[in-house]
Structures are given as structure tokens and as C-alpha cells.
Amino acid sequence: GQQVMQIPQYQHVQEGEDFTTYCNSSTTLSNIQWYKQRPGGHPVFLIQLVKSGEVKKQKRLTFQFGEAKKNSSLHITATQTTDVGTYFCAGPYSGAGSYQLTFGKGTKLSVIP
Amino acid sequence: EAEVAQSPRYKITEKSQAVAFWCDPISGHATLYWYRQILGQGPELLVQFQDESVVDDSQLPKDRFSAERLKGVDSTLKIQPAELGDSAMYLCASSLEGISIDEQYFGPGTRLTVT
């Protein structure tokens, strides 16, 4: 079936270091979304990428969508303790009646102060 | 800021018992989703409603799970009978129209423990 693979599964960084998580789809995506889930919390929408090769920035976060629209990445510059959480990518795949947003397994980020 | 409401936040039940979860989406959102999230995994879609109609329930274990959204607003997810493997976080989400570019707004979830 449709899959969204995400690596790494875990990442421990020293505060101030950079962090990157990668997302790969088995098929071409119309768009890709990124969510963040804090420990004990629920997923919160971060951003959506639609265009091939698109790059978007949110302060220290940089999101990229691959040229083939099958992969994406999230890069955080100079991590802070507030960045702790699990980052999920999600892509829409055709479901039974509409589309399904299929989530990757996420990358759990730990930041050591 | 409008939020998705869910209750209860935590539920402990014995296996073979019935359990029900409630969700109230953001006002005006036509699409409602129920997800199950196992620890260490991403959310997995169980059922999707467009207004009061089920759009996709292909991943819903229909022998024990049921979901309804009778008036196209709030929704209930039921499990009967609960099994040990049902222990997970049950997340409700809503979106404006249910098209692929809609962002989804998640509720706080119900943490279910089956003993």
C-alpha cells in the first residue's frame, strides 16, 4: 500500500546543533504536510508544500519538497529545548471515498540543554 | 482560537467491555476524522466523515468498532468489545472541506488502556 517513510526514527542533539528529518513517499504526492507533536500532546499542523522544489521557512525551520514530489525534508537550525517533540510528515493518498492523509512514523527529537 | 474537543481524556476499561469516545470538531468544519495512534507510530486513519456521511471506513475494524456523526457535527466512536490490542491514543481531527490540501486540526485525544 501507500507508504510514507521517515528517517531517522530518533535524533538526540545538543542544544544549538542543527537537526534534519527526511520523508520519502513510494508515489508522487500532490502535496505534503508537516506536523509536530509535543510529548503528551497532539499533532499540530506546521506547514504544507505543494510545488515541485518548493522551499518554505518558518524562523529556524526550513521545509523542502523534492523536484519529483516524492520526498521532503525539515531542517531546524540551532535547535532549542522548545523544539523537542516528534515531527511527522504526511501525504494524501487516494482512499476508498476520498483521500487519506497517511502519516510517517515520525522523527522524535530530543534536545540536550 | 477554536479547538477540537474530545472526551474523555483518559479511559481505562477491562477487555470485553464497551467504550465510547466523543468528539466535537471546530465549528463549520465539514470533515471529521478518527485516528488511532499507537505509541511510537504516526496516526492511522480509522474513519472519515464528510458532514454526516462516511467517506472512508476501510481501516475501521467493523466487527467491533462503530462510528457515527448523526447531525454532521459531533461524533462518537465506539468499541465493543474492547480487546487488549485496542490500547492506544484515539485522536479526532477536523478540516474545513476535506480536500487534500486542507490542514487538519487535532483534538487532545483519548488515551485508552484496556486491561
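Refer to the preceding data block for the structure.
Cut-offs used in this document
- Residues numbered from 1 in each chain as written.
- Chains lettered and ligands numbered in written order.
- Predicted model: local features only at pLDDT ≥ 70, side-chain atom pairs only at ≥ 80, totals over all residues.
- Heavy atoms only, no water.
- Salt bridge = Lys/Arg side-chain N within 4 Å of Asp/Glu carboxyl O.
- Helix = DSSP H or I, 4+ residues; strand = E, 2+ residues; numbered from the N terminus.
- Buried < 20%, exposed > 50% of the residue type's maximum accessible area, 1.4 Å probe, protein only.
- Disulfide = S-S within 2.5 Å.
- Contact = heavy atoms within 4.5 Å.
- Buried area = accessible area lost by both parts, 1.4 Å probe.
- Pairing = 2+ DSSP bridges.
- Axes fitted to C-alpha atoms, helices over the stretch in contact; angles between N-to-C directions.

**Student:** Explain the pattern of salt bridges residue by residue, including any values.
**Tutor:** All names here are of chain B. According to the stated counting rule, one finds five salt bridges over all chains in the structure shown. A salt bridge links Arg-64 to Asp-86, with the shortest nitrogen-to-oxygen separation between them at 2.6 Å. On the criterion of sequence distance, the pair formed by Arg-64 in the loop between strand 6 (53-56) and strand 7 (65-68) and Asp-86 in the loop between strand 8 (75-79) and strand 9 (88-95) is long-range, its members being 22 residues apart. The pair Arg-64 / Asp-86 is uniform in exposure class, with both members buried.

**Student:** I'd love a proper account of the state of the cysteines, names of residues and values included.
**Tutor:** Per the stated rule, a full pass over the model turns up two disulfides over all chains. The disulfide bridge from Cys-23 of chain A ends at Cys-89 of chain A, spanning 2.0 Å between sulfur atoms. The sign of the 80° torsion about the S-S bond sets the Cys-23 of chain A-Cys-89 of chain A disulfide as right-handed. Within this pair, whereas Cys-23 of chain A is found in strand 3 (residues 19-25), its partner Cys-89 of chain A is found in strand 9 (residues 85-94), the two being separated by 66 residues in sequence. For the pair shown, Cys-23 of chain A and Cys-89 of chain A are each scored as buried. Paired by a disulfide, Cys-23 of chain B and Cys-92 of chain B hold their sulfur atoms 1.9 Å apart.

**Student:** Run through the interface of chain B and chain A, naming residues and quoting values.
**Tutor:** Many analyses report the size of an interface as the accessible area lost when the parts associate. Opposite the 24 residues of chain B that make contact, chain A presents 22 residues. Both faces combined, the contact of chain B with chain A buries some 1800 Å², and carbon together with sulfur accounts for 50% of it. There are zero salt bridges connecting chain B and chain A. Only strand 4 (31-37), strand 5 (44-50) and strand 6 of chain B provide two or more residues apiece to the side of chain B that touches chain A. Counting residues per element, the side of chain B that touches chain A draws most heavily on strand 4 of chain B, which supplies three residues.

**Student:** Which residues make up the sheet that holds strand 8 of chain B, and what values go with them?
**Tutor:** Residue and element names in this part refer to chain B. Pairing in this open sheet of four strands is antiparallel, and the strands run 1-3-8-7 from one edge to the other. The strands lining the two open edges of the sheet, one partner per strand, are strand 1 (5-7) and strand 7. Neighbour-to-neighbour, the strand axes of the sheet open up by a mean angle of 15°, direction not taken into account. When strand 7 meets strand 8, the two strands line up antiparallel, connected through four bridges. Residue pairing in the sheet places Ala-67 in a bridge with Leu-77 of strand 8.

**Student:** Let's hear about the environment of Asp-63 of chain B: which residues, and what values?
**Tutor:** Note on placement: Asp-63 of chain B falls in the loop between strand 6 and strand 7. On a C-alpha basis, the gap between Asp-63 of chain B and Gln-80 of chain B in space is 8.5 Å, while along the polypeptide they are 17 residues apart.

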